[in-house]
Amino acid sequence: LAKTTQPISMDSYEGQEVNITCSHNNIATNDYITWYQQFPSQGPRFIIQGYKTKVTNEVASLFIPADRKSSTLSLPRVSLSDTAVYYCLVGDVDSNYQLIWGAGTKLIIKP
Amino acid sequence: ETGVTQTPRHLVMGMTNKKSLKCEQHLGHNAMYWYKQSAKKPLELMFVYNFKEQTENNSVPSRFSPECPNSSHLFLHLHTLQPEDSALYLCASSHTGAEGDGYTFGSGTRLTVV
C-alpha cells in the first residue's frame, strides 16, 4: 500500500494561492491520488482526485508530474474558511478501503 | 435528505453502558465504513461493508460490534468500552469500484467514555 508524505503544517494569507505537495514514491500503476479537507469535529470532505497530468474542478487543481511520485494540490485565492487539515491519499479506486490516512497538512490562513 | 447522516453527534457513556451509533446514507452507495479518529492520530479504518457483507475488520476489539442491515444503514454497537476508546467515530460511504467520487463522510459522533 502506497504511503504519502506531506508537510505537517503551512501558513498563508487570504487571497494567496496555496500549493501543498505530497510525496508518494511507491505509487502503483493502478493507484489514483485523492485529496480531502477536514474541519475540526467533522468528517473529511472529498476535494479532488486524479491519475496524471492536471485535474481542475471548482474548488482546486491537482498537478501530477509524469513520474507520478508526487502531486500538488493548488488552492486559488484562499480565504479564512480554507483553514483546515488536508489529506493526500494514494490507492486503487477499486479498493477504497485500503487507503492509508496520514497526519495530513494543517493549513492556517491568516487575514 | 442527502449525504451521510450520523447520530448522535455527541455521546457520553460509562464503561458498563451499552450504546449504538447510527449511520445512514442516501447516496445509493454500495460500501460503508466505520473509522476512528483519536486526538492527534490519523484516521483508523475499523470496519468495511460491501453490499451489506463485512469485508474488512482491522483487528478491532470485540467491544465494538458493527451491523449493516441494508446498504443504506450501518450501526456500531458499543459495550464495556474503555476511556481510551474516546474519539470521533466517522461513518463513510462510497461507490465500490467507481472512479472519481471517493468517500463521503458523515459529521461523526464524538464519543466520551467516562
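Going by the structure above, here's the rest.
Residues numbered from 1 in each chain as written. Chains lettered and ligands numbered in written order. Predicted model: local features only at pLDDT ≥ 70, side-chain atom pairs only at ≥ 80, totals over all residues. Heavy atoms only, no water.

Engineer: In this structure, what is going on with the state of the cysteines? I would like to understand it.
Structural biologist: A covalent bond bridging the sulfur atoms of two cysteines is what the word disulfide describes. Overall, the coordinates contain two disulfides over all chains when judged by the stated rule. Between the sulfur of A:C22 and that of A:C88 lies a disulfide, 2.2 Å long from S to S. Handedness of the A:C22-A:C88 disulfide follows from its S-S torsion of about -80°: it is left-handed. One end of the pair, A:C22, is in strand 2 (residues 18-23); the other, A:C88, is in strand 8 (residues 84-92), with 66 residues separating them in the sequence. The exposure class assigned to A:C88 is buried, which follows from its relative accessible area of 0%. Lacking any disulfide linkage, B:C68 is separated from the closest cysteine sulfur, that of B:C91, by 9.0 Å. Residue B:C68 is classed as buried on the basis of its relative accessible area, which comes to 12%. (Disulfide = S-S within 2.5 Å. Helix = DSSP H or I, 4+ residues; strand = E, 2+ residues; numbered from the N terminus. Buried < 20%, exposed > 50% of the residue type's maximum accessible area, 1.4 Å probe, protein only.)

Engineer: Just to check I follow, could you spell out the pattern of salt bridges for this structure?
Structural biologist: Side-chain pairing between opposite charges can occur once the charged atoms of the two side chains come close. All names here are of chain A. Overall, the coordinates contain two salt bridges over all chains when judged by the stated rule. K110 is the partner of D11 in a salt bridge, and the nearest nitrogen-oxygen pair spans 3.3 Å. Taken together, the positions of D11 in strand 1 (residues 9-13) and K110 in strand 9 (residues 105-110) put the pair 99 residues apart, joining distant regions of the chain. Classification of K110 by relative accessible area gives partly exposed; the value is 32%. (Salt bridge = Lys/Arg side-chain N within 4 Å of Asp/Glu carboxyl O.)

Engineer: Please clarify how the pairing of strand 4 (residues 45-50) of chain A should be interpreted in this entry.
Structural biologist: All names here are of chain A. Pairing geometry for strand 3 (residues 31-38) and strand 4, over five bridges, is antiparallel. Bridged to T34 within strand 4 is Q49. Taking the residues between adjacent antiparallel strands as the criterion, strand 3 and strand 4 are bridged by six residues, where S41 takes a positive phi near 60°. (Pairing = 2+ DSSP bridges.)

Engineer: Help me out: how do you make sense of the nonpolar core in this one?
Structural biologist: It is characteristic of soluble globular proteins that their nonpolar side chains tend to be buried jointly. Residues and elements named next belong to chain B. Counting residues in hydrophobic clusters, the biggest one holds 22 residues, and the most contacted among them are W34, F64, L76 and L78. If you list the elements that add at least two residues to this core, you get strand 2 (10-13), strand 3 (18-25), strand 4 (31-37), strand 5 (44-50), strand 7 (64-70), strand 8 (73-79), strand 9 (87-94) and strand 11 (109-113). Leaving out residues up to four positions away in the same chain, L76 has contacts with K19, S20, L21, W34, M46, F47, F64, S65, P66 and Y89. (Core = buried A, V, L, I, M, F, W, Y, C linked by side-chain atoms within 4.5 Å. Contact = heavy atoms within 4.5 Å.)

Engineer: Would you mind showing me how to read unusual backbone geometry here?
Structural biologist: Peptide bonds are trans in most cases, and residues, glycine excluded, mostly fall at negative phi. For the bond from B:T7 to B:P8, the omega torsion is -10°, close enough to zero to count as cis. For B:P8, the location among the structural elements is in the loop between strand 1 (4-7) and strand 2. Although it is not a glycine, A:S41 sits at a positive phi angle of roughly 60°. Relative to the elements of secondary structure, A:S41 occurs in the loop between strand 3 and strand 4. Even without a glycine there, the phi angle at B:T80 is positive, about 45°.

Engineer: I tried to follow the packing of aromatic side chains on my own but got confused; where do I start?
Structural biologist: The geometry of an aromatic ring pair is captured by two quantities: the separation of the ring centres and the angle between the planes. This structure, assessed with the given rule, holds 14 aromatic pairs over all chains. Ring geometry for B:F64 versus B:Y89: centroids 5.8 Å apart, planes at 35°, classification tilted. Taken together, the residues span a long stretch of sequence, with B:F64 in strand 7 and B:Y89 in strand 9 at a distance of 25 residues. We classify B:F64 as buried; its relative accessible area is 6%. Members of the aromatic cluster, each reached through a chain of ring pairs, are A:Y36, A:F46, A:Y87, A:W101, B:Y33, B:Y35, B:Y103 and B:F105. In this arrangement the basic side chain of A:R68 is found over the ring face of A:Y51, its NZ or CZ atom lying 4.0 Å from the centre. (Phe/Tyr/Trp six-rings, centres within 6.5 Å; stacked < 30°, edge-to-face > 60°. Lys NZ or Arg CZ within 6 Å of the ring centre and 35° of its normal.)

Engineer: I'm lost on the side chain of B:H73 in this one. Help?
Structural biologist: Residue and element names in this part refer to chain B. Tracing the backbone through its elements, the reader meets H73 in strand 8. Taking the relative accessible area as the measure of exposure, H73 reaches 18% and is therefore buried. For H73, the side chain forms a polar contact with the side chain of E24, separated by 3.3 Å. Reaching out from H73, the side chain makes a polar contact with the side chain of N70 at a distance of 2.9 Å. Dropping the residues within four chain positions of it, H73 is found in contact with K22, C23, E24, M32, E67 and C68. (Polar contact = N/O pair within 3.5 Å; in protein donor to acceptor, adjacent residues only side chain to side chain.)

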